Amino acid sequence: MKMIVTRGGFLTSVQDLGRTGFREFGVSLGGALDPFALRVANLLVDNDEGAAGLEITFGGLQLHFADERAVAWCGGEFDVQIESMPLPAGHAARLQAGEELKFGRPQIGCRCWLAISSGVDVPVVLGSRSTDLRANFGGFHGRALRDGDELALGEFRRSQTAAIEGISSWTAPYDWVSPAKRGPTLRFVRGVDWSQFDDLTIERFTSEPFAVSPDSDRMGARFEGPELKRKSNVDLVSEAVAPGTIQVPPSGKPILLLGDCQTIGGYPKIAYVITLDLSMAAQLRAGDHVRFSEVSLADAHQLLLERERELERFRIGLSLHVS
Amino acid sequence: MEIVPLGDSAVIVRVREQFEDAPEETLDGVVRTFRHLRNAAIPGVIELAPAYTSVAVFFDPVAVTKESAKGGDAFDWLAERIRAVVAAGADRGRRVRTTRSDVRLVEIPVCYDPEFAPDLDEVARHAQISTKEVVDLHSTTEYRVACIGFVPGFPFLAGLPKKLATPRRDVPRKEIPAGSVGVGGAQTGIYPLRSPGGWNLIGRTPLRLFDPTKNPPALLQAGDRVRFRAITRQEFEALKR
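First things first, this report covers the structure right here in the doc. (Residues numbered from 1 in each chain as written. Chains lettered and ligands numbered in written order. Predicted model: local features only at pLDDT ≥ 70, side-chain atom pairs only at ≥ 80, totals over all residues. Heavy atoms only, no water.)

Now for the packing of aromatic side chains. All told, the structure shown has 22 aromatic pairs over all chains when counted by the stated rule. Their ring planes at 35 degrees and their centres at 5.7 Å tell us that Phe-188 of chain A and Trp-194 of chain A sit as a pair that is tilted. With a centroid separation of 5.4 Å and an interplanar angle of 85 degrees, the aromatic rings of Phe-150 of chain B and Phe-154 of chain B are classed as edge-to-face. With a relative accessible area of 1%, Phe-154 of chain B lands in the buried category. Of the aromatic side chains, those joined through ring pairs into one cluster are Phe-188, Trp-194, Phe-205, Phe-210, Phe-223 and Phe-292 of chain A. (Phe/Tyr/Trp six-rings, centres within 6.5 Å; stacked < 30°, edge-to-face > 60°. Buried < 20%, exposed > 50% of the residue type's maximum accessible area, 1.4 Å probe, protein only.)

Listed below in structure tokens is the structure:
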């Protein structure tokens, strides 16, 4: 009931849907940067949506399974193989004991999430199995995976693999399992400090492309582009920030905060990317160009609600195949 | 009180506009609001985060929209619930007087030994006083935790004597040892974990400020009163064990 990390890859970590309840103590949400992708991958292998899986950044990961497992992955455009058989995103596959699963480099996007039937069994720390890579706790010894690591998996359940012959015929909607785009438009709602920017700055923010800087990580995507200047330079009182917050430091170069962001910040918040579009945001890599487009808060909620309904239908559809 | 959205899954409840003009009153207000909201357990609310003048309320938009059904707007529904909870809390507050002793006081031993205090000279030079005076001032003042953030368990402490206010270092250090006590602008704080940082380091505590195996994981929380007690190197080593 374990898997061996033959190769750890560029940056691979154990993640679930994140750590909640400890933000007041400065603990980041963390978890899969695209929690929706992990939920879908988990559903495909008949796991609980919140089971711990792997977040794989830029590929290079190679896993060896000691027993039979069902796996599925969602995310960027990766070349994934079971032995030499390609495994496309959004399909469940049955791995036999002793088989290897390999992740190549991504063509588009930079991250993907792998669900393994019964999940990765690392200890729950502060309510989550996520790895906090900044504070070094949770996940597998609080760190990224390395060559030779052996990870325990949850108890094998035959029902999770029995329905799959090789690779499943069923799949999830394409934009759920492959959300990465080369030049995405991210939808946003206005930030609390929106009015602190003049019309010209707002015009730039909403019409011009911003290039993702190499200086981006799980804490945030940084952008190069037209400078966003505030009308005044008065310091703001620090308050909560969250994944999706776009803050503008004095440099005028915006930063889109992602899952591992700090819990509070003092930079002006020009906008927030809507939860639905964090899936695309989690795929941004250096050189990608991004545009921002405004939606109302009510629309953001409506979109989220509609997707949850679709997910519910998908879940029901899946249960016909799996169990 | 102002309630503004923080994206589609959180709102910020601003208890007061400013912090510096009345830190004690503001913090008391923030902590009261935080407690009222926590006790109220509004359906769909996931967690709360107090900071300086505000309390952030994180929620599940799908759950809140279901609660606010019949075509109601999720944000409006939640804002209304928050206002009702805070108003009811304020009503109770008028009947039950809270006192200063309701706020816990945490004493933190700090060794100001030169080895732990590479920037003590700089802070003294900036204040135009001796290093001993810096230590005396720093360790005889009572502070309050304005919020926990930056890294898990990091307390931003308000109440630093004006004299000790020192600008952050031009070039942040790449690595600061856990337990380091620093001065950054008008605030003082403690680095709970080995991390980068730009504050001036003037001492070190042997206490663990963040321990993920404990619940709560942090030694301090927003609103706490804090005092530093100067200890010797021997005491530091003994407490560290």
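Picking up where we left off.
We now examine helix α1 (residues 35-44) of chain A. Of all the 10 residues making up α1 of chain A, nine are buried; the element is thus mostly covered by neighbouring parts of the structure. Listed in full, the buried residues belonging to α1 of chain A are Phe-36, Ala-37, Leu-38, Arg-39, Val-40, Ala-41, Asn-42, Leu-43 and Leu-44 of chain A. (Helix = DSSP H or I, 4+ residues; strand = E, 2+ residues; numbered from the N terminus.)

Before going further, it helps to examine the interface of chain A and chain B. Interface size, as often reported, equals the accessible area lost upon joining of the parts. Every contact between the two is made by 38 residues of chain A and, on the other side, 47 residues of chain B. Of the roughly 3,200 Å² buried between chain A and chain B, counting both surfaces, carbon and sulfur atoms make up 68%. Looking at the side of chain A facing chain B, the largest losses of area belong to Glu-24, Phe-25 and His-301 of chain A, adding up to 21% of the total buried there. A salt bridge links Arg-14 of chain B to Glu-239 of chain A, with the nearest nitrogen and oxygen atoms 2.9 Å apart. At the boundary of chain A and chain B, one finds 10 residue pairs in polar contact (both at pLDDT 80 or more). (Contact = heavy atoms within 4.5 Å. Buried area = accessible area lost by both parts, 1.4 Å probe. Salt bridge = Lys/Arg side-chain N within 4 Å of Asp/Glu carboxyl O. Polar contact = N/O pair within 3.5 Å; in protein donor to acceptor, adjacent residues only side chain to side chain.)

Before going further, it helps to spend a moment on the packing of helix α4 (residues 120-127) of chain B against helix α5 (residues 131-139) of chain B. For any two helices packed against each other, the geometry is given by the interaxial angle and the distance between the axes. Residue and element names in this part refer to chain B. Look at α4 against α5: their axes get within 8 Å of each other, and the N-to-C directions meet at 90 degrees. Compared by their axis directions, α4 and α5 come out roughly perpendicular. Residue-level contacts link Leu-120, Asp-121, Val-123 and Ala-124 of α4 to Thr-131, Val-134 and Val-135 of α5. Of the residues assigned to the contact of α4 with α5, the class counts are five nonpolar, one polar and one charged. (Axes fitted to C-alpha atoms, helices over the stretch in contact; angles between N-to-C directions. Parallel < 35°, antiparallel > 145°, perpendicular 65-115°, else oblique. Nonpolar A, V, L, I, M, F, W, Y, C, P; charged D, E, K, R; others polar.)

Taken as a whole, the second largest pocket holds about 990 Å³ of empty space. Considering the residues around the second largest pocket, the lining is formed by 40 residues, among which Leu-29, Pro-35 and Thr-275 of chain A together with Ser-9 and Ile-46 of chain B are closest to the centre. At the level of secondary structure, the elements contributing two or more residues to the lining of the second largest pocket comprise α1, β19 (269-273), α5 (278-281) and α6 (297-322) of chain A together with β3 (45-51), β4 (54-59) and α2 (61-67) of chain B. Residue composition of the lining of the second largest pocket, grouped by class: 22 nonpolar, nine polar and nine charged. (1 Å grid on protein atoms, 1.4 Å probe; cavity = no way out; pocket = protein on both sides within 12 Å on 5 of 7 lines; lining within 4 Å. Points joined across faces, edges and corners; volume = space filled by probe spheres on them.)

This brings us to the side chain of Glu-239 of chain A. Assignment of secondary structure puts Glu-239 of chain A in strand β15 (residues 239-240). Given the relative accessible area of 4%, Glu-239 of chain A is considered buried. Other than its neighbours up to four places away in sequence, Glu-239 of chain A contacts Val-192, Thr-263, Ile-264, Gly-265 and Lys-269 of chain A together with Ile-12, Arg-14, Ala-51 and Ser-54 of chain B.

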